[in-house]
Amino acid sequence: SVLRKISWVCLAAVLFTHALKTLHRNWDWESEYTLFMSALKVNKNNAKLWNNVGHALENEKNFERALQFFIQATQVQPDDIGAHMNVGRTYKNLNKTKEAEESYMIAKSLMPQIIPGKKYAARVAPNHLNVYINLANLIRANESRLEEADQLYRQAISMRPDFKQAYISRGELLLKMNKPLKAKEAYLRALELDRTNADLWYNLAIVYIELKDPTEALKNFNRALELNPAHKLALFNSALLMQESGDGRLRPEAKQRLLHYVKEEPQDANGYFNLGMLAMDDKKDTEAEAWMKKAIRLQPNFRSALFNLALLYSQTGKELMALPVLEDLLRYYPDHTKGLILKGDILMNQKKDIVGAKMCFEKILELDPNNVQGKHNLCVVYFEERDLIKAEKCLVETLALAPHEEYIQRHLNIVRSKIASLSATEQSSLPADGTAAAEEKKKSFQNMKEVKNEQKTTQTTVDNNKRHSENKKQTEKNNMDKETPKKSTKEIKDIEKKRVAALKRLEEIERILNGE
């Protein structure tokens, strides 16, 4: 009975101590980090344990501490390719590209080396081949090292011809190097290895876009969506391709894909913007306005959305609503030429703010002195200011920039016709004889010539006209005793017809501001 009691006490002690040890051990299993740290307390000479602790910290985005454990793994086992790759990847995450490249180069040097002229077989762990991919992905950020990166991809493929990721990465690089045909070959080879990869079909579609073959591109986008209906990039880019095709039959499907895309990516303003563009193509102005506004709410500085919303307002007779939108656009992008042209057009035609419109067009010419539309519209401003000489000179300069634009020649003829009409009116109102009258007529034309050559402002032109008027009155006073010829009724009617025609042409100039 005594032995039995002692046995029970010993058993109870063993159970109690082991229960305490199990309870304590449970804390080691709280996370990967605590588990592998507990293992390191037992064995500090195992590189795999140091790597595992580093991976646990890396998953927590604690790259600085993870790097310390990865470096320790390389010190425990210097020929561990995976440890050097981990160090390189962590340096890259810390934006230390030079150190990352050095670590990848060490890992690459530990790989089996190819000896020219000799054939041999070597067992290479698949994940170790990623050293070529990682190193190539790192150095191809430098445009001068693209060929070097391509060599690394080809080296990986030569070591393992069924290395799918190498073909994919090389295809992306070849597209960057503007070699779409070779990129197509790389993707087709990858598809032979895996025809169920939606990303591969998507990448092949991008290659066909580069090759200017939208039909094949759309087929490959569709194949990607068959394999993965929620493939966001395929949804978005295939919808754009349908929209740009100009085929009205494809627009409903394009809209459905964009709606699916914004459901997957509700915070991407580009989806809503393109829905707005589709609605504009379908003349659904209210719907287009709603989509554009939603895109701008998500991205207030969305350049294209701001301009197209303003353009939509302008095209639907809501020009004054377009002005605040254009103000926002030009606050973010002061050099937006089309925005300045549209704003100037609205200011001149709707608000009759000639000064504001003139500032817009002058700003355009500061940015681009050869901008034909901006210069032409500035010529129209001069016409509105009744500075016909300056308008004529401006249109001549504009015609020199675009000699084949018929509308510029037409407007130049209008201005010259107006000048001729006014000159004819002045001549008919002057005395037919008398030295003073002849001199005054000569002086008047000299004044016009000076204004044309020296490009005086509107105010200067007005002052010259006033001076001419005063001189004309003095001439009439000096010759009041002389008989002046009277204009016939037919001449008056002809002059009136010319004035009406000139006004009609002026209205035509105003209409072309937004249309031409």
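Just so it is clear, the structure is predicted and the values come from calculations on it, not from any experiment.

1. Quick word on the packing of helix α20 (residues 354–367) against helix α21 (residues 372–384)
Point 1. The interhelical angle for the contact between α20 and α21, taken along N-to-C directions, is 150°, at an axis separation of 9 Å. With respect to each other, α20 and α21 are oriented roughly antiparallel. In this structure, α20 meets α21 at a crossing whose hand is left-handed. Packed against α20, whose contacting residues are I354, K358, F361, E362, I364 and L365, the element α21 presents G374, K375, N377, L378, V381, Y382 and E384 at the interface.
Point 2. Here the residues of the contact of α20 with α21 sort into seven nonpolar, two polar and four charged.

2. Description of the UniProt feature "signal peptide" (unreviewed entry) in the protein
Point 1. Feature annotation in UniProt places "signal peptide" (unreviewed entry) on residues 1–19, given in this structure's numbering.
Point 2. Secondary structure content for residues 1–19 is 95% helix and 0% strand, while the C-alpha to C-alpha distance between its ends is 27 Å.

3. Looking at the confidence of the model for the protein
Point 1. Averaged over every residue, the pLDDT of the protein is 83; the share at 70 or more is 81%.
Point 2. When the criterion is pLDDT under 50, residues 432–493 qualifies, and its contacts beyond four places in sequence or with other chains add up to 46 contacts.
Point 3. Scored below 50 in pLDDT, residues 510–516 shows 17 contacts in the model against residues more than four places distant or in partner chains.

4. Quick word on a nonpolar patch on the surface
Point 1. On the surface, a cluster of nonpolar side chains totalling about 320 Å² of accessible area is made up of V2, L3 and I6.
Point 2. Note on I6: relative accessible area 45%, which makes it partly exposed.

5. Thoughts on the side chain of S238
Point 1. Structurally, S238 can be placed in helix α13 (residues 232–245).
Point 2. Taking the relative accessible area as the measure of exposure, S238 reaches 0% and is therefore buried.
Point 3. Leave out the neighbours within four places in its chain, and S238 touches L218, F221, L225 and R257.

6. Here we look at the state of the cysteines
Point 1. According to the stated counting rule, one finds one disulfide in the structure shown.
Point 2. The residue that forms a disulfide with C379 is C394, at a sulfur-sulfur distance of 2.0 Å. Measuring the twist about the S-S bond at about -80°, one finds the C379-C394 disulfide to be left-handed. Here C379 is found in helix α21, whereas its partner C394 is found in helix α22 (residues 388–401), with 15 residues between them in sequence.
Point 3. Residue C379 is classed as buried on the basis of its relative accessible area of 2%.
Point 4. Note on C394: relative accessible area 3%, which makes it buried.

7. Some words on the UniProt feature "repeat: TPR" (unreviewed entry) in the protein
Point 1. Mapped onto this structure's residue numbering, the UniProt feature "repeat: TPR" (unreviewed entry) falls at residues 47–80, 164–197, 198–231 and 269–302.
Point 2. Overall, residues 47–80 shows 79% helix and 0% strand. The separation of its end C-alpha atoms is 8 Å.
Point 3. Secondary structure across residues 198–231 divides into 79% helix and 0% strand, with the first and last C-alpha atoms of the span separated by 8 Å.

Rules of the game
Residues numbered from 1 in each chain as written. Predicted model: local features only at pLDDT ≥ 70, side-chain atom pairs only at ≥ 80, totals over all residues. Heavy atoms only, no water. Axes fitted to C-alpha atoms, helices over the stretch in contact; angles between N-to-C directions. Helix = DSSP H or I, 4+ residues; strand = E, 2+ residues; numbered from the N terminus. Parallel < 35°, antiparallel > 145°, perpendicular 65-115°, else oblique. Left-handed = near helix turned anticlockwise from the far one by under 90°. Contact = heavy atoms within 4.5 Å. Nonpolar A, V, L, I, M, F, W, Y, C, P; charged D, E, K, R; others polar. UniProt positions renumbered as here; feature names shortened; annotations may be inferred. pLDDT = per-residue confidence, 0-100. Patch = residues over 30% accessible without salt bridge, like charges linked within 9 Å, V, L, I, M, F, W, Y side chains within 5 Å. Areas by Shrake-Rupley, 256 points an atom, 1.4 Å probe, with all protein chains shown as cover. Salt bridge = Lys/Arg side-chain N within 4 Å of Asp/Glu carboxyl O. Buried < 20%, exposed > 50% of the residue type's maximum accessible area, 1.4 Å probe, protein only. Disulfide = S-S within 2.5 Å.

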